[in-house]
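Working through the structure, step by step
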Amino acid sequence: MYRIHFTAHDLARTRVSPEPLPLQELHVAVRALQDRGHPLRFGAWRRACAGALSEPARLALSLSRPNMVAPTFCWPELPGAPEQLLEQARAIPDAVVAAELAEIACRDPLPSWAAGLGRDAELRDRLHTGVEQLFALLLAPYWSQLTEAYAADRAVRLRQFQAGGIAAVLSAASPEWLRWRPPVLEIRIPSGIEHDLYLEGQGLLLAPSAFATRPYVTVEVDRQPVVAYPAGGGDALVGLTALAPQQPNGTAVAALLGQTRATILTTIAAHPSCTTTELARLADVSPAGASQHATVLRAAGLVHTVRYRNSALHTPTQLGLALLDTPT
């Protein structure tokens, strides 16, 4: 059991990440690629990616095996553009790299080639090239879908926070793995690790992950600790069983041509995570009409809908926002 101890200050500073953490998601995806679990969810994606791995990408994979401690200098868990974060990772000082590898080696075995990472610039370059190639292969083709999954999860967390504060969010983020027993958040760990983390006023950053099948904890010096949890866990499951590059449905998009559906889409864009009842009121249509139009928009790939308790929460997709931004 991994136990995270909160004070009142920690609860006040605990939050759900307002935007994706691209390299954190890459780190989780790298582990999911090497794991054999959840074949229905990840099988097609694994097969598509495994045959396209370059030598530098395989090098990077070998440094982050499932159920082993992985270095954070490859994938700093920060918000921002993926390209910018990948460049920041390259700029981390060699001394920091060497110190982190030495700490990891006390707990888990490292590949023999990794010993030179703290002093061999060419080896570091190959490693980071591999990380960049992994992002391009594993996440980049699906990034629009993934960001929509994160936005949908945050909409659910916002509703939970409004209903019961941060305690409700901690209790519901991943009930199978997380248990909130004030003032301690208990995380079940398959490896059997027993550890206590005292936040000491830093608070916690909760980060939804489309590839996580259980929570992951990351603690870095001078950064708020991060708990990545399965996006859509609990009441609103985000289905990524057929993860594939997103393509618009031309027939369904054509069905949009009409004032009422345009109003519905504009309303959802202006009020993301609105319920069907709220959507009907804001767009001045009946609840049945709002539900029907939202269904057509969802089929066209313009709206993403998740269930929270007895409500459907609607958010615009990137395709929907792009359509609204297109000049008439």
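Refer to the structure above for everything that follows.
Residues numbered from 1 in each chain as written. Predicted model: local features only at pLDDT ≥ 70, side-chain atom pairs only at ≥ 80, totals over all residues. Heavy atoms only, no water.

What about the overall build of the protein?
Applied cut-off: Helix and strand assignments come from DSSP, with helices taken as H or I runs of at least 4 residues and strands as E runs of at least 2, each series counted from the N terminus. Radius of gyration: C-alpha atoms only; globule rule: 2.2 Å multiplied by the number of residues to the exponent 0.38. Using a 1.4 Å probe on the protein chains alone, a residue whose accessible area is under 20% of its type maximum counts as buried, one over 50% counts as exposed, and one in between counts as partly exposed. Contacts between residues were defined by any pair of non-hydrogen atoms, one from each residue, lying within 4.5 Å. Each accessible area is a Shrake-Rupley result for a 1.4 Å probe, and residues are judged covered by the shown protein chains and nothing else. This count recognises Lys and Arg as positive and Asp and Glu as negative, with His and chain-terminal groups excluded. To locate a charge, take atom NZ for lysine, CZ for arginine, CG for aspartate or CD for glutamate.
Along its length, the protein carries 13 helices and 11 strands. What you see for the protein is a C-alpha radius of gyration of 21 Å, in line with the 20 Å of a compact globule of 328 residues. For the protein, the spread of C-alpha atoms along the principal axes amounts to about 65 × 45 × 35 Å. Taking all 328 residues of the protein together, the buried fraction comes to 48%. Put simply, 70% of the contacts in the protein that link residues at least 6 apart link residues at least 24 apart. For the protein, the exposed surface amounts to about 15,500 Å²; the carbon and sulfur share of it is 55%. Of the charged side chains in the protein, 28 are positive and 29 negative; the average position of the first set lies 7 Å away from that of the second.

Observations concerning unusual backbone geometry
Across the junction of Pro-182 and Pro-183, the peptide omega takes the value 0°, indicating a cis bond. Residue position: Pro-183 is located in the loop between strand E3 (178-181) and strand E4 (184-187). Within the chain, Glu-200 stands out as a residue other than glycine whose phi angle is a positive 55°.

A closer look at the nonpolar core
For clarity, the threshold we go by: Grouping buried Ala, Val, Leu, Ile, Met, Phe, Trp, Tyr and Cys residues that are joined through side-chain atoms within 4.5 Å yields what is termed a nonpolar core.
Formed by 41 residues in total, the largest nonpolar core has its most connected members in Leu-26, Trp-45, Phe-73, Leu-117, Leu-134, Leu-138 and Phe-211. Contributions of two or more residues to this core are made by helix H2 (22-34), helix H3 (39-50), helix H4 (55-61), helix H5 (82-90), helix H6 (94-105), helix H7 (121-138) and helix H8 (143-172). The leading source of residues in this core is H2, at seven residues.

Digging into the pattern of salt bridges
Just so we agree on the cut-off: A pairing counts as a salt bridge when a side-chain nitrogen of Lys or Arg comes within 4 Å of a carboxyl oxygen of Asp or Glu.
One pass over the structure, following the stated rule, counts 12 salt bridges. Between Arg-179 and Glu-186 there is a salt bridge; the shortest N-O distance is 2.8 Å. For Glu-186, a relative accessible area of 12% corresponds to the buried category. Across the pair Arg-223 and Glu-220 runs a salt bridge, and its minimum N-O distance is 2.7 Å. Judged by relative accessible area, Glu-220 falls into the buried class, the value being 15%.

As for the sheet that holds strand E7 (residues 216-218)
The test is simple: DSSP-based pairing: two strands are paired if at least 2 bridges between them are found. Comment: axis = line fitted to C-alpha atoms, over the contacting stretch for helices; angle = value between 0 and 180 degrees taken between N-to-C directions.
Pairing is mixed across the open sheet formed by four strands, whose spatial order is E2-E6-E8-E7. This sheet does not close on itself; its edge strands, each paired only once, are strand E2 (15-16) and E7. Strand contacts of H2: strand E6 (205-209), E7 and strand E8 (226-230), with the helix running at about 50° to E6, the strand carrying the most contacts.

So, the side chain of Thr-72
By the element assignment, Thr-72 lies in the loop between H4 and H5. With residues near it in sequence (within four places) discarded, Thr-72 still touches Glu-100, Thr-218 and Glu-220.

Things to note about the environment of Leu-199
Turning to its location among the elements, Leu-199 is positioned in the loop between strand E5 (195-198) and E6. Linking Leu-199 and Gln-224, residues 25 residues apart in sequence, is a C-alpha distance of 8.6 Å. For Leu-199, the contacting residues outside a window of four places in its chain are Ile-4, His-5, Phe-6, Asp-10, Leu-204 and Pro-225.

A short note on the pairing of E6
A regular strand places its side chains on the two faces of the sheet in alternate fashion. The buried fraction of E6 is high, at five of five residues. Of the two faces of E6, both are covered, the one formed by Leu-205, Ala-207 and Ser-209 as well as the one formed by Leu-206 and Pro-208. Bridge count between E2 and E6: two bridges; the pairing is parallel. Note that in E6 the partner of Val-16 across the bridge is Leu-206. Two elements, E6 and E8, share five bridges in a ladder whose sense is parallel.

Quick look at the packing of H2 against H3
Axis angle and axis distance: for two packed helices, these are the angle between their axes and the distance between the axes, and together they describe the pair. Counted only if it meets this: Roughly parallel refers to an angle under 35 degrees, roughly antiparallel to one over 145, roughly perpendicular to one between 65 and 115, and oblique to any angle outside these ranges. Residue classes follow a fixed rule: Ala, Val, Leu, Ile, Met, Phe, Trp, Tyr, Cys and Pro count as nonpolar, while Asp, Glu, Lys and Arg count as charged, and any other residue, Gly among them, counts as polar.
Contact geometry of H2 with H3 gives a least axis separation of 10 Å together with a crossing angle of 90°. Compared by their axis directions, H2 and H3 come out roughly perpendicular. Only Phe-42, Trp-45, Arg-46 and Cys-49 of H3 make contact with H2, whose side of the interface consists of Ala-29, Ala-32 and Leu-33. Class assignment for the residues of the contact of H2 with H3 results in six nonpolar, no polar and one charged.

A short note on the state of the cysteines
Working definition of a disulfide: a covalent bond connecting the sulfur atoms of two cysteines. Note the cut-off: A pair of cysteine sulfur atoms is labelled a disulfide when the two atoms are within 2.5 Å.
Within this structure, the stated rule accounts for zero disulfides. Cys-74 takes part in no disulfide bond, and the closest cysteine sulfur to it belongs to Cys-106, at a distance of 18 Å. You can call Cys-74 buried: its relative accessible area is 1%.

Some remarks on the packing of aromatic side chains
Note the following rule: Each aromatic pair joins two rings of Phe, Tyr and Trp (for Trp, the six-membered one) with centres within 6.5 Å, and gets the label stacked for planes under 30 degrees apart, edge-to-face for over 60, and tilted for any other angle.
Under the defined criterion, the tally for this structure stands at six aromatic pairs. The interplanar angle of 15° and the centroid separation of 5.6 Å between the aromatic rings of Phe-42 and Phe-211 together place this pair among those described as stacked. Taken as a pair, Phe-42 in helix H3 and Phe-211 in the loop between E6 and E7 lie far apart in primary sequence, 169 residues in all. In this structure, Phe-42 and Phe-211 share a single accessibility class: buried.

Comments concerning helix H10 (residues 259-270)
Inclusion rule: Multiply 1.5 Å by the residue count of a helix minus one, and that product is the helix's expected span. The directions from the helix axis to the C-beta atoms are what the arc is built from.
In a regular helix each residue adds 1.5 Å, so 12 residues correspond to 16 Å; H10 covers 16 Å between its end C-alpha atoms and thus fits that length. Every buried residue of H10 is listed here: Arg-261, Ile-264, Leu-265, Thr-267 and Ile-268. Taken end-on, H10 shows its buried residues confined to a sector of 160°, consistent with a single buried face. Exposed residues pointing more than 90 degrees away from the buried face of H10 are listed as Gln-259 and Ala-270.

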